[in-house]
Amino acid sequence: MSTAKKTPLKKHSAKTTPKSDKQRVAVSVDLSARLKQIRALVVANNKSLQGADVIICQIYMESRFDPKASSDKSSAKGLMQLLKAPIRELYRLRELEKPAAQRRTETKVYQEADAYHDGTALLDEATNIQAGTEYLQRLIDHRTRQKKDDPVAEGFKDYRGVPNGIYYKKIKAAADKLRNDPDNVKILQDMVQ
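Fair warning: this is a prediction, and the values are worked out from it, not measured in the lab.

**Looking at the overall build of the protein chain**
When helices and strands are tallied, the protein chain shows eight helices and zero strands. Counting from the amino terminus, helix and strand elements in the protein chain follow one another as α-α-α-α-α-α-α-α. Within the protein chain, the proportion of its 193 residues that are buried is 38%. For the protein chain, contacts bridging at least 24 residues in sequence account for 58% of all contacts bridging at least 6. Per element, the accessible surface of the protein chain, about 12000 Å² overall, is 53% carbon and sulfur.

**Let's talk about the nonpolar core**
By size, the foremost hydrophobic cluster in this structure holds 44 residues, and its most contacted members are Ile59, Phe65 and Leu188. Aside from chain neighbours lying at most four places away, what touches Leu188 is Leu35, Ile56, Cys57, Tyr60, Phe65 and Leu178.

**As for the side chain of Asp114**
Locating Asp114 in the fold gives a position in helix α4 (residues 106–118). Among the residues examined, Asp114 registers a relative accessible area of 16% and is labelled buried. At a separation of 2.7 Å, a polar atom in the side chain of Asp114 contacts the side chain of Arg88. If sequence neighbours within four positions are ignored, Asp114 has contacts with Lys84 and Arg88.

**Some remarks on the environment of Ile38**
By the secondary structure assignment, Ile38 is in helix α1 (residues 21–45). Considered as a pair, Ile38 and Leu79 are 41 residues apart in the sequence and their alpha carbons are 9.6 Å apart.

**Structural notes on the pattern of salt bridges**
Counted under the stated rule, the structure contains 17 salt bridges. Between Glu89 and Arg92 there is a salt bridge whose closest N-O contact spans 2.7 Å. Linking Glu89 with Arg92, this pair stays in helix α3 (residues 84–96), spanning three residues, or about one helical turn. On the basis of relative accessible area, Glu89 is assigned to the partly exposed category, the value being 25%. Between Lys157 and Glu154 there is a salt bridge, with the nearest N and O atoms lying 3.1 Å from each other.

**Describing α4**
Compared with an ideal rise of 1.5 Å per residue, which puts 13 residues at 18 Å, α4 spans 18 Å between its outermost C-alpha atoms and is within 8% of the ideal. Buried residues of α4: Val109, Tyr110, Ala113, Asp114 and His117, and no others. Summarising the axial view, the buried residues of α4 lie within an arc of 135°, below the 170-degree limit, and thus occupy one face. For α4, the exposed residues lying more than 90 degrees away from the buried face are Thr107, Gln111 and Ala115. Elements that come into contact with the buried residues of α4 comprise α3.

Conventions adopted
- Residues numbered from 1 in each chain as written.
- Predicted model: local features only at pLDDT ≥ 70, side-chain atom pairs only at ≥ 80, totals over all residues.
- Heavy atoms only, no water.
- Helix = DSSP H or I, 4+ residues; strand = E, 2+ residues; numbered from the N terminus.
- Buried < 20%, exposed > 50% of the residue type's maximum accessible area, 1.4 Å probe, protein only.
- Contact = heavy atoms within 4.5 Å.
- Areas by Shrake-Rupley, 256 points an atom, 1.4 Å probe, with all protein chains shown as cover.
- Core = buried A, V, L, I, M, F, W, Y, C linked by side-chain atoms within 4.5 Å.
- Polar contact = N/O pair within 3.5 Å; in protein donor to acceptor, adjacent residues only side chain to side chain.
- Salt bridge = Lys/Arg side-chain N within 4 Å of Asp/Glu carboxyl O.
- Expected span 1.5 Å × (residues − 1).
- Arc of directions from axis to C-beta.

Distances and angles like these do not, on their own, reveal function.
So, in structure tokens, the structure goes:
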């Protein structure tokens, strides 16, 4: 085994490595096709009252449309970067909607939620969108019951776990533009700059 110090490979970003026009076109075409796929998935699987453009922008913000996106620093998973805690909360709320005599213990509910989160189901794009948008809508509904001035913005703050509101402002601004130009991937790219 060599004792020489290994130099890590340098990662090149779009900012440091100029791309040829051909490379830029290929990336845009691929992202354009992916945007159309994501739009179809959102239209078919959105369980929130938010429009497709808002959810599309949220998905891009969270995962850049990568269904296998994950984090070494958290339990975030899939297109909508669902954490284990929100999945537990979804399962708990669903359980509370059942008649009292049919409810399971919290321990059993959390075990089922953890198994679901740790399995491969959330890597399925449609499933991830369904769970993520259901969770988002429940957060918005909760803020509505609290009579917040802007329950949608508050729900997005809760989803992101950051109270400054920048996350939703960026998503909303990009969604407004995307609504008028639904195939423009530059809107998404600019949103995350």
